[in-house]
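# Structure at a glance
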Amino acid sequence: MRTLKLLLILGALAIAAGFAFLGYEVYKRSTDPDHPRKFSERFGTKQTVQDTTSPTPAAPPTNAGEPVAVGPLTATPLALPAGAELLPGLASIGGRIALQVRQPDGRVQILLVDPRDGTSHLLVTTTPASP
């Protein structure tokens, strides 16, 4: 009877260890973009468009955890024509912000705005639907 209890406890520990390992692997693969066996490659959600113009991230400061002095923030206005409106929905693409803008003539444009210097680049323009 004692041997049966020991086998039962060891089996339960093996099952618990297996679930813990599976949970760790799922977490590691879903949060590490450079993992060699990530889920996005297997299930077809991998992004194929790479932004090669974005700069490499800066090295972390050596005084991590201490307050950092930030200079004054400057706002660079985004020039839109009169009557244009920003549509809901923002996306971050390679360190830039993608905005949807409806032009007065009905066209919808997607602009990529660099938040560091305020420059914008036209990405896509759609034609208005004919009535």
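Use the structure listed above.
Our subject in this report is the structure included herewith. Everything numeric in this text was worked out from a predicted model, so none of it was measured.

About the thresholds
Residues numbered from 1 in each chain as written. Predicted model: local features only at pLDDT ≥ 70, side-chain atom pairs only at ≥ 80, totals over all residues. Heavy atoms only, no water. Salt bridge = Lys/Arg side-chain N within 4 Å of Asp/Glu carboxyl O. Helix = DSSP H or I, 4+ residues; strand = E, 2+ residues; numbered from the N terminus. Buried < 20%, exposed > 50% of the residue type's maximum accessible area, 1.4 Å probe, protein only. Patch = residues over 30% accessible without salt bridge, like charges linked within 9 Å, V, L, I, M, F, W, Y side chains within 5 Å. Areas by Shrake-Rupley, 256 points an atom, 1.4 Å probe, with all protein chains shown as cover. Contact = heavy atoms within 4.5 Å. Pairing = 2+ DSSP bridges. Axes fitted to C-alpha atoms, helices over the stretch in contact; angles between N-to-C directions.

Let us now look at the pattern of salt bridges. Counting across every chain of the model gives four salt bridges. Measuring nitrogen to oxygen at the nearest pair gives 3.5 Å for the salt bridge that ties Arg29 to Glu25. Within this pair, Arg29 and its partner Glu25 are both found in helix H1 (residues 2-31), separated by four residues, close to a single helical turn. The class for Glu25 is buried, based on a relative accessible area of 15%. Its salt-bridge partner being Arg107, residue Asp105 comes within 2.8 Å of it at the nearest N-O pair. Asp105 sits in the partly exposed class, given a relative accessible area of 47%.

Together, Leu6, Ile9, Leu10 and Leu13 make up a nonpolar patch on the protein surface, roughly 400 Å² of accessible area in all. Among the structural elements, Leu10 can be located in helix H1.

This part takes up the environment of Gly94. Relative to the helices and strands, Gly94 is located in the loop between strand E1 (85-93) and strand E2 (96-102). Note: C-alpha distance between Gly94 and Asp114 (20 residues apart in sequence) is 9.5 Å.

This next bit is on the side chain of Gln109. The residue Gln109 is located in strand E3 (residues 108-113) in this model. For Gln109, a relative accessible area of 9% corresponds to the buried category.

Our next topic: the environment of Gln100. On the secondary structure map, Gln100 appears in strand E2. Among residues more than four places away in sequence, those in contact with Gln100 are Glu85, Leu86, Leu87, Pro88, Gln109 and Ile110.

With that settled, consider the sheet that holds E2. The strand order E1-E2-E3-E4 describes an open sheet built from four strands, whose pairing is antiparallel. The sheet is open, and its two borders are formed by E1 and strand E4 (120-125), each paired with just one other strand. Each adjacent strand pair in this sheet contributes to an overall mean axis angle of 25 degrees, direction not counted. In this sheet, E4 lies alongside E3 in antiparallel orientation, the contact comprising five bridges. By the bridge assignment, Gln109 is partnered in E4 with Thr125.

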